[in-house]
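Each chain, letter by letter, is given below.
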Amino acid sequence: MANILLVNEYGEGNFHINLLLYASKLLTALGHNCHFGIPILNKSTSSLVSSGYKVFQAPILPPEVNFHQNKKSPSLTDFISKRGFLDVNRMKTITEIWENELKIRKIDLIFTNFAPTILQVARQKIPVINLGTYWDTPSILLKTIPKFNKDSVEDEKILETLVKVFGASRVPNTMPKVLHGDRNLIVTEPEFDYNHPKNAKPRAVGSFEAENVIKHKNFIISKKAFVYLHSYRPNALRILKELAKLNYKIDAYIPKFNSGDKERYKSKNLSFVDKKTYKELQENYALVINHGGLGMGQNMMFLGLNQILIPSHRENLINSSIISGLKFGSTINQQLQKSIDKKQFEKIFDEMFSNKKQEEIWEKTQLFRLRKRPNVKEIIIKLSKTFI
């Protein structure tokens, strides 16, 4: 029996926590103790506690700025730098706290997803299995992390900080290598390999969560939409304002929206609801409006749900373009359009809710599901046994 730590630094639940939760269920069944290190303890993580997992607030710096209020597209180096990776003293403090946590909890193995801080602390000490995507785990064939704007933080600046904190012998010579664990499990469909797919070994494609949701071929065609957008103001507010004018029934889940926000933007057709499971989405909706995140996009493709994608930054724009290209959705590029109005949404909604369009999506989903996929369960269990 081993003590296994599962860490996510960026997500607020949804896809990132789900990846680790899936792994934890497999590991718990093998008799191991699972500990979750989560940056923000809120309702989205309460289910972990009720399920019997040991959960604690991880020593991770919150971002200092909301990138999504900025017109510039953030690169991964920008996200990392805002979590203390350019501040030697703060990194040393976080490192000391993490090292104490690892000793107290007697951690034998670590699973990460979007967790660059613990990756550095554990390097050469405790084995790390990284459940990643090509956004947070760029291929080691790359010399630098892809930059989405000319003002993005350079790799060298972050590497200099890490050398001062951990010493040159413990810091890889490139940032892509810094973001790799001892093993990496890449969780993307083949179409999303936009950064050197040769690095995807071992690799699990598709979704952990949606994989178990099977929709009957004689499904009832729904005329209802679900909106899931991170609360990036003013974009989310602008989008909701236009959606409220439509004659379609729409349910919206916007994290961090308070009661005042919900009261202000609700209408006879737009309601605010709690977070939905993939099963609930599939049973009650035909269309999902989201920000184009890789996890959400893959899950909706797997479930056979149409999508309107409104990306908030460059990485999401790449994902959205791929999904639209595969005819699984329609992308509205906010970087090219100054406004998103009722007429634009109406045109897309009318097409998306047609019986013909929903049947086309479902047919494509059947072919999508029939593709041969590696056994995710076997890969995770095999990886864990390698290190324990």
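Residues numbered from 1 in each chain as written. Predicted model: local features only at pLDDT ≥ 70, side-chain atom pairs only at ≥ 80, totals over all residues. Heavy atoms only, no water.

**Some details on unusual backbone geometry**
Trans peptide bonds make up most of the peptide bonds, and negative phi angles are found at most residues other than glycine. Look at K106: it is not a glycine, yet its phi comes out positive at around 50°. Locating K106 in the fold gives a position in the loop between helix 4 (88-104) and strand 4 (109-113). Since its relative accessible area comes to 61%, K106 is described here as exposed. Positioned with a positive phi, F114 is a non-glycine residue whose angle comes to about 55°. Considering the arrangement of structural elements, one finds F114 in the loop between strand 4 and helix 5 (116-122). (Helix = DSSP H or I, 4+ residues; strand = E, 2+ residues; numbered from the N terminus. Buried < 20%, exposed > 50% of the residue type's maximum accessible area, 1.4 Å probe, protein only.)

**A word on the side chain of N130**
Inspection of the secondary structure puts N130 in strand 5 (residues 128-132). On the basis of relative accessibility, which here comes to 2%, the residue N130 falls in the buried class. In this structure the side chain of N130 is engaged in a polar contact, spanning 2.8 Å, whose partner is the side chain of T137. When sequence neighbours within four positions are dropped, the list of residues in contact with N130 reads T112, N113, D136, T137, L179, G181, R183, N184 and L185. (Polar contact = N/O pair within 3.5 Å; in protein donor to acceptor, adjacent residues only side chain to side chain. Contact = heavy atoms within 4.5 Å.)

**Some points on the packing of helix 4 against helix 6 (residues 155-166)**
One way to put it is that helix 4 packs onto helix 6 with a least axis distance of 9 Å and a crossing angle of 50°. Classified by the interaxial angle, the pair formed by helix 4 and helix 6 is oblique. Of the two elements, helix 4 crosses helix 6, and the hand of that crossing is right-handed. Taking contact as the criterion, the partners of V88, M91, K92 and T95 in helix 4 are, on helix 6, T161, L162, K164, V165 and F166. (Axes fitted to C-alpha atoms, helices over the stretch in contact; angles between N-to-C directions. Parallel < 35°, antiparallel > 145°, perpendicular 65-115°, else oblique. Left-handed = near helix turned anticlockwise from the far one by under 90°.)

**Section: the sheet that holds strand 4**
The strand order 3-2-1-4-5-6 describes an open sheet built from six strands, whose pairing is parallel. In this open sheet, the two edge strands, each paired with only one partner strand, are strand 3 (54-57) and strand 6 (183-186). Averaged over all pairs of adjacent strands, the angle between strand axes in this sheet comes to 20°, irrespective of strand direction. Sheet topology note: the strand 4/strand 5 ladder contains three bridges and is parallel. (Pairing = 2+ DSSP bridges.)

**Some remarks on the packing of aromatic side chains**
Inspection of every chain in the model, using the stated rule, returns twelve aromatic pairs. Between F79 and W135, the aromatic rings sit 5.9 Å apart at their centres with planes inclined by 90°, giving edge-to-face as the arrangement. Here the residue F79 occupies a position in helix 3 (residues 76-85), and W135 occupies one in the loop between strand 5 and helix 6, the gap between them amounting to 56 residues. By relative accessible area, F79 is classed as buried at 13%. Members of the aromatic cluster, joined through ring pairs, are Y248, F345, F349 and F353. (Phe/Tyr/Trp six-rings, centres within 6.5 Å; stacked < 30°, edge-to-face > 60°.)

**Some words on the sheet that holds strand 12 (residues 329-331)**
Across the sheet, six strands lie side by side as 9-8-7-10-11-12; this open sheet has parallel pairing. A single partner strand is all that each edge strand has here, and the edge strands are strand 9 (270-272) and strand 12. Adjacent strand axes in the sheet meet at a mean angle of 20° when their direction is disregarded. In this structure, strand 7 (residues 224-228) lies alongside strand 8 (residues 249-253), joined through five bridges in parallel fashion. Bridge pairing links K224 to K249 in strand 8.

**Observations concerning the packing of helix 11 (residues 294-303) against helix 14 (residues 355-370)**
Where helix 11 contacts helix 14, the two axes come as close as 7 Å, and the packing angle between them is 105°. With respect to their mutual orientation, helix 11 and helix 14 come out roughly perpendicular. Contacts between helix 11 and helix 14 involve M301, F302 and L303 from the first element and W362, T365, F368 and R369 from the second. A breakdown of the residues in the contact of helix 11 with helix 14 according to their chemical character gives five nonpolar, one polar and one charged. (Nonpolar A, V, L, I, M, F, W, Y, C, P; charged D, E, K, R; others polar.)

**A few points about the environment of E378**
Looking at the secondary structure, you find E378 in helix 15 (residues 376-387). Taking the C-alpha atoms as reference, E378 lies 9.6 Å from L26; in sequence the two are 352 residues apart.

**Considering helix 12 (residues 314-325)**
The terminal C-alpha atoms of helix 12 lie 16 Å apart, and with twelve residues this matches the ideal 16 Å at 1.5 Å per residue to within 8%. Buried residues of helix 12: E315, N316, L317, N319, S320, I322, I323 and S324, and no others. Summarising the contacts, the buried residues of helix 12 are in contact with helix 11, strand 11 (306-309) and strand 12. Two residues or fewer after helix 12 comes K327, characterised by a positive phi angle close to 65°. (Expected span 1.5 Å × (residues − 1).)

**A look at a negative patch on the surface**
Taken together, the side chains of E351, E359, E360 and E363 define an acidic patch exposed on the protein surface. The greatest single-element share of the negative patch, amounting to three residues, is contributed by helix 14. (Patch = residues over 30% accessible without salt bridge, like charges linked within 9 Å, V, L, I, M, F, W, Y side chains within 5 Å. Areas by Shrake-Rupley, 256 points an atom, 1.4 Å probe, with all protein chains shown as cover. Salt bridge = Lys/Arg side-chain N within 4 Å of Asp/Glu carboxyl O. Lys, Arg positive; Asp, Glu negative; His and termini not counted. Charge placed at Lys NZ, Arg CZ, Asp CG, Glu CD.)

**Brief notes about helix 13 (residues 342-352)**
Along helix 13, the residues that are buried comprise F345, I348, F349 and M352. The buried residues of helix 13 occupy an angular sector of 100° when projected down its axis, which confines them to one face. Opposite the buried face of helix 13, by more than 90 degrees, sit the exposed residues K343 and K347. (Arc of directions from axis to C-beta.)

**Re the pairing of strand 4**
For a regular strand, side chains alternate in direction, first toward one face of the sheet and then toward the other. Counting buried positions over the five residues of strand 4 gives five, a clear majority of the element. Here strand 4 shows a buried face lined by L109, F111 and N113 and a second buried face lined by I110 and T112. Of the strand pairs in this sheet, strand 1 (residues 3-8) and strand 4 are connected by five bridges, and their pairing is parallel. Looking at the pairing, V7 lines up with T112 of strand 4. Once you follow strand 4 into helix 5 and on to strand 5, the crossover reads as right-handed. (Right-handed = clockwise from strand over helix to strand, strands pointing away.)

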